[in-house]
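For reference, the chains in residue letters:
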Amino acid sequence: LQLVESGGGLVQPGGSLRLSCVSSGSTLGDYGIGWFRQAPGKEREAVSCISSSGGSTNYADSVKGRFTISRDNAKNTMYLQMNNLTPPEAPGYYCVAEYLGGCPRSISVQPFDYWGQGTQVTVSS
């Protein structure tokens, strides 16, 4: 499975962006999916996930109510809608996937074998 993110860019505080992640090489519907983010010199943060069954969705407390994860299995694509972006949001966003993966409340305990190369989000006026 290969993952390629897009949709990053510069946005003003309070603005919105939608990240996309297109998969190839396998059927995304068989995978639990998610998004992580990372700031330079800091630990990676799990942002959100959806289980392979679609029955479980979770968010980090830091983005709850502002970010929405979704998937379109027919298009082999996952999305992260980010609203009310406020500095200092971590700039590096990565989509992830795990075959038959779950989505626990503590997202970071779920291993993800497949990672995209990342897309950059800058929140600045």
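Structure shown above.
Described below are features of the structure shown in this document. Since this is a predicted model, take the numbers as computed values, not measurements. (Residues numbered from 1 in each chain as written. Predicted model: local features only at pLDDT ≥ 70, side-chain atom pairs only at ≥ 80, totals over all residues. Heavy atoms only, no water.)

### A word on the packing of aromatic side chains
Inspection of every chain in the model, using the stated rule, returns five aromatic pairs. Aromatic side chains Tyr31 and Tyr114 sit 5.9 Å apart centroid to centroid with 80 degrees between the ring planes, which places their arrangement in the edge-to-face category. Of this pair, Tyr31 sits in strand 4 (residues 31-38) while Tyr114 sits in strand 10 (residues 114-115), placing them 83 residues apart in sequence. For Tyr31, a relative accessible area of 6% gives the class buried. What makes Tyr114 partly exposed here is its relative accessible area of 29%. Taken together, a centroid distance of 4.9 Å and an interplanar angle of 50 degrees make the contact between Phe36 and Trp115 tilted. With Phe36 in strand 4 and Trp115 in strand 10, this residue pair connects regions lying 79 residues apart in the sequence. Aromatic ring contacts, followed pair by pair, group Phe36, Tyr94, Phe112 and Trp115 into a single cluster. (Phe/Tyr/Trp six-rings, centres within 6.5 Å; stacked < 30°, edge-to-face > 60°. Helix = DSSP H or I, 4+ residues; strand = E, 2+ residues; numbered from the N terminus. Buried < 20%, exposed > 50% of the residue type's maximum accessible area, 1.4 Å probe, protein only.)

### What to know about the state of the cysteines
This model, assessed by the stated rule, comprises two disulfides. Two residues, Cys21 and Cys95, share a disulfide whose sulfurs are 2.0 Å apart. Taking the torsion about the S-S bond as the criterion, the Cys21 to Cys95 disulfide, at about 55 degrees, is right-handed. Highlighted residues: Cys21 in strand 3 (residues 17-24) and Cys95 in strand 9 (residues 92-99), separated in sequence by 74 residues. Cys95 carries the same exposure label as Cys21, and that label is buried. One disulfide in the model links Cys49 with Cys103; its S-S distance is 1.9 Å. On the sign convention where negative means left-handed, the S-S torsion of about 80 degrees between Cys49 and Cys103 marks this disulfide as right-handed. One end of the pair, Cys49, is in strand 5 (residues 45-50); the other, Cys103, is in the loop between strand 9 and strand 10, and 54 residues separate them in sequence. The residues Cys49 and Cys103 share a single accessibility class, namely buried. Counting only the cysteines that take part in disulfides, in the order they occur along the chain, gives the pairing 1-3, 2-4. (Disulfide = S-S within 2.5 Å.)

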